[in-house]
Amino acid sequence: MLTESKKAFIEFMMSADVLRFGSFVTKSGRNTPYFINTGNYKTGEQIAKLGKFYASLIKETVGEDFSAMFGPAYKGIPLATAAAASLYNEYGISKPYFFNRKEEKDHGEGGSLVGYKPKDGDKIIIIEDVITAGTAVRETMPILYGCGNVKVNDMFISVNRCEVGKVPGKTAIMEVNEEFGIKVHAIVTVEDIHEYLKQSEKYNDILPAMEDYMAKYCIL
């Protein structure tokens, strides 16, 4: 169901040129008529608003029941930072956050993690942009498991593309849940975006390509 808050998030992404329509190739190599590039957020106002959307989803799903939030390099870094700030500003929930370097530091304190240092028993949530084929999650989990005996039960993303993963009949999100026990929460789904486009005649030229793509790759 396309709620007012979901509609507001879709329009927010479009206004920031983060949600774009055209011809693109996803990380998994699929040709797609729409693309989400969170790297296009570039103002203080945008990152503040983005943090509020993430914070609201975190608050309504897990509340304070987690130890820290992790933002995978690179796009997850500002997302986790913004979410952490908004959780405190909006709800008074102050939680630590951390992220990884792509290349391990070999001077000073060294290591590949910046910010909070996870410890055994911690419950970590992941803050990411989208999941298409689950590749980024599979790259992230060894980093987190390498921190110690931590639990990763929840992940928060901007858009659930609802796409089939490696196994026919299963979405990448289903696979992530089965492989790692992670429940993925999205601010909006491809169905929400499709419904939004249907409600406005100005997007009639985009709808056929969206619907063809969804029929080919999505499990709804």
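What you are looking at is a predicted structure, and each value in this text was computed from that prediction instead of being measured.

Undergrad: Could you clarify how one ought to interpret the environment of Lys-49 in this entry?
TA: With respect to the helices and strands, the residue Lys-49 is situated in helix α2 (residues 44–61). When the C-alpha atoms of Lys-49 and Ile-182 are compared, they prove to be 26 Å apart, with 133 residues separating the residues in sequence.

Undergrad: How do you make sense of the environment of Lys-151 when you look at a structure like this?
TA: Position of Lys-151 relative to the elements: it lies in strand β8 (residues 151–160). Note on Lys-151: relative accessible area 51%, which makes it exposed. Placed 30 residues apart in sequence, Lys-151 and Gly-121 show a C-alpha to C-alpha distance of 6.9 Å. With residues up to four places along the chain from it excluded, the contact list for Lys-151 reads Asp-122, Lys-123 and Ile-124.

Undergrad: Help me understand the nonpolar core, please; the structure alone is not making it clear to me.
TA: Side chains of nonpolar character tend, in soluble globular proteins, to be buried together. In terms of nonpolar packing, the biggest core is built from 45 residues, with Ile-58 and Ile-127 touching the most fellow members. Apart from residues lying up to four places away in sequence, Ile-127 is in contact with Tyr-54, Ile-58, Met-69, Phe-70, Gly-71, Pro-72, Gly-76, Leu-79, Ala-80 and Phe-156.

Undergrad: What is the right way to look at the confidence of the model for the chain in this model?
TA: Reading fine detail from the predicted coordinates is not recommended where pLDDT is low. The predicted model of the chain has a mean per-residue pLDDT of 92, with 95% of residues at 70 or higher. Across the chain, the element-wise mean pLDDT spans from 78 in strand β4 (residues 97–105) up to 98 in α2.

Undergrad: I'm lost on the pattern of salt bridges in this one. Help?
TA: Two side chains of opposite charge can pair, provided their charged atoms sit close to one another. Scanning the model with the defined rule gives 12 salt bridges in all. Linking Arg-138 and Glu-175 is a salt bridge whose minimum nitrogen-to-oxygen distance equals 3.0 Å. Here the residue Arg-138 occupies a position in helix α4 (residues 135–145), and Glu-175 occupies one in helix α5 (residues 172–180), the gap between them amounting to 37 residues. Exposure class is identical for Arg-138 and Glu-175. Each is buried. Three or more residues joined by partner-sharing salt bridges are found here, namely Arg-30, Arg-161 and Glu-163.

Undergrad: Could you clarify how one ought to interpret the side chain of Ser-158 in this entry?
TA: Along the chain, Ser-158 turns up in strand β8. Judged by relative accessible area, which is 0%, Ser-158 ranks as buried. Within the local environment of Ser-158, its side chain forms a polar contact with the side chain of Tyr-54, the two groups lying 2.7 Å apart. Not counting the four nearest positions on each side in its chain, Ser-158 is found in contact with Phe-9, Thr-38, Tyr-54, Glu-128, Asp-129, Ala-186, Ile-187 and Val-188.

Undergrad: Help me out: how do you make sense of helix α6 (residues 190–198) in this one?
TA: Working note: α-helix, 3.6 residues per turn, so residues spaced by three or four point in the same direction. Listed in full, the buried residues belonging to α6 are Val-190, Asp-192, Ile-193, His-194, Tyr-196 and Leu-197. Where α6 is buried, its residues meet α1 (4–15), β1 (19–25), β2 (31–36), β8, β9 (183–189) and α7 (207–217).

Reading the values: the criteria
Starting afresh in each chain, residues are numbered from 1 along the sequence in its written order. Per-residue local features are limited, in this predicted model, to residues with pLDDT of at least 70; the limit for side-chain atom pairs, both in listing and counting, is 80 or more; totals at the level of whole chains, interfaces and linings are taken over all residues. Heavy atoms throughout the structure, all of them, feed into the side-chain values; hydrogens and water do not. Labels follow the DSSP assignment, with helices taken as runs of H or I lasting at least four residues and strands as runs of E lasting at least two, numbered in each case from the N terminus. Three labels apply to residues, based on accessible area from a 1.4 Å probe with only protein chains included: buried if under 20% of the type maximum, exposed if over 50%, partly exposed otherwise in between. Throughout, a contact is declared for two residues whenever any of their heavy atoms are within 4.5 Å. Put simply, buried Ala, Val, Leu, Ile, Met, Phe, Trp, Tyr and Cys residues joined by side-chain atoms within 4.5 Å make one nonpolar core. For every residue, the predictor states its confidence as a pLDDT score lying anywhere from 0 to 100. The rule for a salt bridge is simple: a side-chain nitrogen of Lys or Arg has to be within 4 Å of a carboxyl oxygen of Asp or Glu. Pairing of N or O atoms within 3.5 Å defines a polar contact, subject to two protein rules: one partner must be a possible hydrogen donor and the other a possible acceptor, and residues neighboring in sequence count only if both atoms are side-chain atoms.

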